[in-house]
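Secondary and tertiary structure notes
In case you want the letters, here they are:
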Amino acid sequence: MGTQRGRQLMERLREVVFVGDGAMGTELWRRGFPQGLPPEQANLSAPDLVRAIHHDYLLAGAQIVTTNTFGANPLRLQRYGLDGQLRDIVATAVRLAREAIAETGADAFVAGSVGPIGRLKDPLELSDEELENAYHQLIVTLAEADVDLLLLETFVDLSDLRRAVKVAKQVCDLPVIAQLAVMDEGERSAEGRAALAVFELERLCIDGIGTNCGISPTRNLSIVQALAKLTELPITAFPNLGYAQYVDGRFVYLGEPDEFARLGEDLRQAGANLIGGCCGTTPEHIRLLAERLRTKAPQPRIARRIEVKPEEQPKLKSPMPNFLSKLWRKPIVIVELDPPRGLNYEPILEGAKLLARAGVDAISLGDNSLASVRLSNLVMAFLMQREAGVPTILPISLGATTTSSGRNRC
């Protein structure tokens, strides 16, 4: 049943913009659930509270509610001694969402939330098999509990997102929406990463792609704008309210509901088909968002991705196209990509080819100002121009020099 409803939803998203729900974790804490406990534990210890949050989002106008299962994989639950209760936690989460829908009489869908596992904060290195098994347990349990679709959210690492999508497509027939998050203030190539995500994930037959959480709502907007030029898939956006602020001894989110609703309209105009909220958003944020978006159709995509046959792939010309000749006559589109941190440059190169087919005028290579070890941007620029046939801008950092007055200058 869930799979059929999920497919119906994905078709409807192409006709009318849907409103998602808002935050679960920060809303639980705002309503008094202890911050030292994992939010997923509330499914068992405070089910009425979880159900009430779903209920309030539905009354506010949400058409999709997300299960309280973001971190309900065995590796994360194990840290709290809850890994043996995974099935109960997940099944209860889905039941609470369904009960809230029944109570409100809403025509709403249930999205099974799947968050990243990652490696960075694990005390021991995890094998690919262990990571895939953790995703497998959560996703299979969500499918058995009869969610309508899977929402893979807040994935910073594209390879981890690719792993989760692959598992989801192997173990169930549910629609899969994959969402990237940009958490690093120094990450200047979010839009370039969006292009890589399209290339990597469309090959795995995802059903929707988008962005959530991250360092700022405006970054979510720029990613949606980039995605709209690269894919015909439904696009989703669940921005947060920016960074939490420390006020009177606790962390709070200060983003105003009316500002969030205006952002939602910007996201719709940029091409988003499903818009909700992440950290810090409340039912009031969703209420104003729903009022602004109700019955509106998705914005037609300004630029569709161009399907190019192999024999039509861009080839290196001599000299390269002079994109500067367009100055003062039409806008110039430049996308920045960072060289890879290792020697595997193929995904970055494929992203450059995708951008070339989408019609960008040039690609700028990051100058590695954060001093992380990366492949030479000179080498990467050469490969992009040779293989993708797109002009490449090569910034060169000269470092700091010292003037006679003793002051440093860049």
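Throughout this document, residue positions are counted from 1 along each chain, in the order its sequence is written. Confidence filtering applies because this is a predicted model: local features only for residues at pLDDT of at least 70, side-chain atom pairs given and counted only at 80 or more, and all residues used for totals across whole chains, interfaces and linings. Calculation of side-chain values draws on the structure's entire complement of heavy atoms; hydrogens and water are dropped beforehand.

Examining the nonpolar core
Short version of the rule: Nine residue types can take part in a nonpolar core, namely buried Ala, Val, Leu, Ile, Met, Phe, Trp, Tyr and Cys, and a core is a set of them joined through side-chain atoms within 4.5 Å. Each residue gets one of three labels from its accessible area relative to the maximum for its type: buried under 20%, exposed over 50%, partly exposed in between, using a 1.4 Å probe on protein chains only. Only heavy atoms enter the contact rule, under which two residues are in contact if any of them lie within 4.5 Å.
Formed by 101 residues in total, the largest nonpolar core has its most connected members in Leu150, Leu152, Leu161, Leu201, Ile363 and Met384. Setting aside its immediate chain neighbours within four residues, Met384 contacts Leu337, Ile348, Leu349, Ala352, Ile363, Leu365, Gly389, Val390 and Thr392. Listed in part, the 12 residues of the second largest apolar core include Leu9, Ile64, Phe238 and Leu274.

Let's talk about helix H13 (residues 346–358)
Worth spelling out the cut-off: Per the convention used, a helix needs a DSSP run of H or I reaching at least four residues, while a strand needs a run of E reaching at least two, with both numbered from the N terminus. Any helix carries an expected span of 1.5 Å times its number of residues minus one.
Its 13 residues place the ends of H13 18 Å apart at the C-alpha level, agreeing with the 18 Å of an ideal helix rising 1.5 Å per residue. The positive-phi residue at the C-terminal boundary of H13 is Gly359, with phi of around 105 degrees.

Observations regarding the pattern of salt bridges
The cut-off we apply is this: Salt bridges are defined as contacts in which a side-chain nitrogen from Lys or Arg sits within 4 Å of a carboxyl oxygen from Asp or Glu.
Within the structure shown, the criterion is met by 24 salt bridges. In this structure, Glu200 and Arg203 form a salt bridge, with 3.3 Å as the shortest nitrogen-oxygen distance. Owing to a relative accessible area of 8%, Glu200 belongs among the buried residues under this scheme. Between Glu350 and Lys353 there is a salt bridge, with the nearest N and O atoms lying 3.8 Å from each other. Within this pair, Glu350 and its partner Lys353 are both found in helix H13, separated by three residues, close to a single helical turn. Here the residues in one salt-bridge network are Asp48, Arg51, Arg95, Glu99 and Glu103, joined through shared partners.

Regarding the sheet that holds strand S11 (residues 334–337)
Short version of the rule: Paired strands, in this sense, are two strands between which DSSP finds at least two bridges.
Spatially, three strands are ordered S11-S12-S13 in an open sheet, and the strand pairing comes out parallel. The open sheet has two edge strands, S11 and strand S13 (392–393), and neither has a second partner. Here S11 runs beside strand S12 (residues 362–365); their pairing, made up of four bridges, is parallel. Residue pairing for S12: Val335 is matched across the bridge by Ile363.

Some words on the packing of aromatic side chains
Note the cut-off: A pair of Phe, Tyr and Trp rings is counted when the ring centres sit within 6.5 Å of each other, with Trp represented by its six-membered ring. The angle between the planes then sorts it: under 30 degrees is stacked, over 60 is edge-to-face, the rest tilted. Counting as a charge over the ring demands two things of the Lys NZ or Arg CZ atom: a distance within 6 Å of the ring centre and an angle within 35 degrees of the ring normal.
Counted according to the given criterion, the structure contains two aromatic pairs. Ring centres of Tyr135 and Phe155 lie 6.2 Å apart, and the angle between their planes is 35 degrees; this geometry places the pair in the tilted category. On the criterion of sequence distance, the pair formed by Tyr135 in helix H7 (residues 128–144) and Phe155 in strand S4 (residues 149–155) is long-range, its members being 20 residues apart. The positively charged end of Arg5 is found above the aromatic ring belonging to Phe109, 4.3 Å away from the centroid.

As for the sheet that holds strand S2 (residues 64–66)
Quick note on the threshold: Orientation is described by lines fitted to C-alpha atoms, with helices fitted over the stretch in contact, and by angles between N-to-C directions that extend from 0 to 180 degrees.
The strand order S1-S10-S7-S6-S5-S4-S3-S2 describes an open sheet built from eight strands, whose pairing is parallel. Of all the strands in the sheet, the pair left with one neighbour each is strand S1 (18–19) and S2. Relative to S4, strand S3 (residues 109–114) runs parallel, the two being bridged by four bridges. Each residue of the ladder has a partner; that of Gly112, found in S4, is Leu150. Across the sheet, helix H8 (residues 158–171) lies against S4 and strand S5 (176–180), angled at about 170 degrees from S5, the strand it touches most.

Re helix H10 (residues 217–228)
Compared with an ideal rise of 1.5 Å per residue, which puts 12 residues at 16 Å, H10 spans 17 Å between its outermost C-alpha atoms and is within 8% of the ideal. Burial runs high along H10: 10 of the 12 residues are buried. All of the buried residues along H10 are Pro217, Arg219, Asn220, Leu221, Ser222, Ile223, Val224, Ala226, Leu227 and Ala228.

A short note on the packing of H10 against helix H11 (residues 257–270)
The following threshold applies: In this scheme, roughly parallel covers angles under 35 degrees and roughly antiparallel covers those over 145, while 65 to 115 is roughly perpendicular and the rest are oblique. What makes a crossing left-handed is the near helix being turned counterclockwise from the far one by less than a right angle; a clockwise turn instead makes it right-handed. Throughout, the ten residues Ala, Val, Leu, Ile, Met, Phe, Trp, Tyr, Cys and Pro are labelled nonpolar, Asp, Glu, Lys and Arg are labelled charged, and all others, Gly among them, are labelled polar.
Where H10 contacts H11, the axes come no closer than 9 Å and their chain directions differ by 15 degrees. Between H10 and H11, the angle is such that the two are roughly parallel. The crossing of H10 and H11 is right-handed. Along its contact with H10, which presents Pro217, Asn220, Leu221, Val224, Gln225 and Ala228, the element H11 presents Leu263, Asp266, Leu267 and Ala270. Considering only residue class, the contact of H10 with H11 consists of seven nonpolar, two polar and one charged.

So, the environment of Thr218
As for its placement among the helices and strands, Thr218 is situated in helix H10. We classify Thr218 as exposed; its relative accessible area is 57%. Distance in space between the C-alpha atoms of Thr218 and Asp266 is 9.8 Å, their sequence separation being 48 residues.

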